[in-house]
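# Structure assessment
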Amino acid sequence: QLEKIKERDSVYNCYVTVMEEEALKRAAEVQKQIDAGELKDSPLAGVPVAIKDNICTKGVLTTCSSKILNNFKPPYDATVIEKLEAAGAVIIGKVNMDEFAMGSTTETSYFGPTKNPWNTERVPGGSSGGAAAAVAAEEAWYALGSDTGGSIRQPSSFCGVTGLKPTYGSVSRYGLIAYASSLDQIGPIARNVSDCAAVFEAIAGYDAKDSTSVKMDDYHFTEALVDDVKGLRIGIPKGYLGEGLDPEVKEAVLAAAKTLEAKGAIVEMFDMDMVDYAIPAYYVIASAEASSNLSRFDGVKYGYRTPDFEDLQDVYKKTRDEGFGMEVKRRMMIGAFVLSSGYYDAYYIKALQVKALIKKGFDDAFAKYDIILGPTAPTTALKMGENLSDPLKMYLGDIYTVSVNLAGLPGISLPCGIDSSGLPIGVQMIGQAFSEKTLIRAAYSLE
Ligand code: GLN
């Protein structure tokens, strides 16, 4: 794996930090454990993994792909890192992302964009673009990403790999540098559903260090890897196939639905309300939370500090001005605006009401269906630079993913075809909260 990184990463730019020395040392240790008969039940033992650069790794750079954290080495490991290490995983590096996970292309990184291994003129998606591209380019066996509004599923779709965004609360967020805390969730990006299930099994679990952590009844996700969808009720929201959807993506997604139908699933179209309101509600809520979460980066506690300053106010101002990129500043300003007195009710409260209605829409749908199926993204991988100057266009690309986070549900994206430009297409399946076993079974049956 390290050889492949050396061979390929100067082109793809998946990695912010390659941990060559640490990884080799760790691999030798894990080998000793395996020789001693330990880790027998862990499918992850000795397997190399890449970690998105917003997940804290003790003593190893964790930058969020931002200048403001470009020298930040956390004094502790995230819970998911401890869990992976207990399972014998070998971390080989930290991977690139949109700055603070804000974006859908990995072009807003302070360390330059990651390129899509399928076609280097295309973006890998984002914000976990480095993670998805590393898996696609075989520069990592699997990766951990984070998903606030699609950042695991959309890059998985663009890079032809499989990504699982778990139910909110099922994986600890302790040590994940927060973007929008009520939406953020860590999950696996891997080559197939089986690997995603194995990784999810290793990282899920209740954690007292995360106040939104939830204990599930059953953590045996790999048991759900059975090819059987007989009688499974699958709904396709009509609004997910409407305007803005690339016809080739639509065709591939409908073909995937047919495959499941042929295997005995019951597939139906239905009307789901509020589809059009998900994006504005998401961007109001996510930006509001971001403006609050990112206030901690002030040049005093950690990371970058401006070299020239007069007084404390000046440290704050200059550090933040120099340390944050355009998109992050835009979100913080939107967030501060929608939370300000006089606008709070009109924007923030309204967005929370829309969120509640979206959740209700899903609840109603799950009274009739076990799984909701649709595209992961309206298009395949975009050209580099295409959306950078037009944030609104970029935000609209999140239409099928953000409502899943607003409702706290699990979603998976897996490859379902290749378009006429030779780019992979992704299909998304959404499940009820904590029904990952059903989701994994359905996805496995489609592979
Ligand atoms: N594209 C979305 C955003 O920019 C989602 C990002 C994410 O899931 N981290 O907010």
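Predicted model, so just to flag it, every value in this text is computed and none were measured.

Let us look at the environment of Tyr-343. Residue placement: Tyr-343 occurs in the loop between α10 (326-339) and α11 (344-368). Other than its neighbours up to four places away in sequence, Tyr-343 contacts Phe-337 and Val-338.

With that settled, consider the site of the ligand. Looking at the ligand, there are 13 residues lining it, with Ala-101, Ser-104, Thr-148, Gly-149 and Ser-151 nearest. A breakdown of the residues in the shell around the ligand according to their chemical character gives four nonpolar, seven polar and two charged.

All right, on to the pairing of strand β4 (residues 142-147) then. In terms of residue burial, β4 counts as a mostly covered element, since six of its six residues are buried. Neither face of β4 is exposed, since Tyr-142, Leu-144 and Ser-146 on one face and Ala-143, Gly-145 and Asp-147 on the opposite face are all buried. The sheet contact formed by strand β2 (residues 48-52) and β4 spans three bridges and is parallel. In the strand pairing of β4, Ala-50 is matched with Ala-143. Note: β4 against strand β6 (residues 185-190), five bridges, orientation antiparallel. If you follow Ala-143 over to β6, its bridge partner there is Ile-189.

This part is about unusual backbone geometry. Omega for the peptide link from Gly-126 to Ser-127 comes to 10°, which places this bond in the cis form. Its place among the elements puts Ser-127 in the loop between β3 (90-95) and α4 (129-136). The phi torsion at Leu-39 lies on the positive side, around 60°, for a residue other than glycine. Within the secondary structure layout, Leu-39 lies in the loop between α2 (20-35) and β2. According to the C-beta neighbour criterion, Leu-39 is partly exposed, with 16 such atoms within 10 Å. A positive phi angle is found at Cys-64, which is not glycine, with a value near 55°. The residue Cys-64 is located in the loop between β2 and α3 (79-86) in this model. Residue Cys-64 is classed as buried on the basis of its 29 C-beta neighbours within 10 Å.

Moving on to the sheet that holds strand β10 (residues 411-418). Overall, mixed pairing links the eleven strands, which are arranged β1-β3-β2-β4-β6-β5-β10-β11-β9-β7-β8 in an open sheet. Both outer strands of the open sheet, β1 (15-18) and β8 (266-270), are each paired with one neighbouring strand and no more. Between one strand axis and the next, the sheet turns by 30° as a mean value, whatever way the strands run. Along the sheet, α4 contacts β1, β2, β3, β4, β5 (162-165) and β6; its crossing angle with β4, the most-contacted strand, is approximately 155°.

It is worth spelling out helix α6 (residues 193-203) at this point. With ten of its eleven residues buried, α6 lies for the most part within the structure. All of the buried residues in α6 are Val-193, Asp-195, Cys-196, Ala-197, Ala-198, Val-199, Phe-200, Glu-201, Ala-202 and Ile-203. Buried positions along α6 lie against α3, β4, β5, β6, β10 and α14 (436-446). Phi turns positive, to about 150°, at Gly-205, one or two residues after α6.

In this structure's numbering, the residues bearing the UniProt feature "active site" (unreviewed entry) are Lys-52, Ser-127 and Ser-151. Taken along the chain, the residues just named run across 100 residues; in space they keep tight, none of their C-alpha pairs more than 10.9 Å apart. Among the structural elements, Lys-52 can be located in strand β2. With respect to the helices, strands and loops of the structure, Ser-151 is situated in the loop between β4 and α5 (153-159). Of the residues examined, Ser-151 has 37 C-beta atoms within 10 Å and is grouped as buried.

Core analysis: the biggest nonpolar cluster contains 135 residues, and Val-49, Ala-134, Val-135, Ala-143 and Ala-443 have the highest contact counts within it. Beyond its immediate chain neighbours, meaning those up to four positions away, Ala-143 contacts Val-49, Ala-50, Ile-51, Lys-52, Val-95, Ala-131, Ala-134, Val-135 and Ile-189.

Before going further, it helps to examine the packing of helix α8 (residues 278-293) against α10. At a minimum axis separation of 7 Å, α8 and α10 run at an interaxial angle of 100°. With respect to α10, the axis of α8 lies roughly perpendicular. Side by side, α8 and α10 meet where Val-284, Ser-287, Ala-288, Ala-290 and Ser-291 of the first sit next to Arg-331, Met-332, Ile-334, Gly-335, Ala-336, Val-338 and Leu-339 of the second. In terms of residue class, the contact of α8 with α10 is made up of eight nonpolar, three polar and one charged.

Another point: the confidence of the model for the protein. For the protein, per-residue confidence averages 97 on the pLDDT scale, and 100% of positions sit at 70 or higher. For this predicted complex, the interface score ipTM comes out at 0.97, while the overall pTM is 0.97.

Basis of the calculations
- Residues numbered from 1 in each chain as written.
- Predicted model: local features only at pLDDT ≥ 70, side-chain atom pairs only at ≥ 80, totals over all residues.
- Helix = DSSP H or I, 4+ residues; strand = E, 2+ residues; numbered from the N terminus.
- Contact = placed C-beta atoms within 7 Å.
- Near = placed C-beta within 6 Å.
- Nonpolar A, V, L, I, M, F, W, Y, C, P; charged D, E, K, R; others polar.
- Buried ≥ 20, exposed ≤ 12 C-beta atoms within 10 Å, placed from the backbone.
- Pairing = 2+ DSSP bridges.
- Axes fitted to C-alpha atoms, helices over the stretch in contact; angles between N-to-C directions.
- UniProt positions renumbered as here; feature names shortened; annotations may be inferred.
- Core = buried A, V, L, I, M, F, W, Y, C linked by C-beta atoms within 7 Å.
- Parallel < 35°, antiparallel > 145°, perpendicular 65-115°, else oblique.
- pLDDT = per-residue confidence, 0-100.

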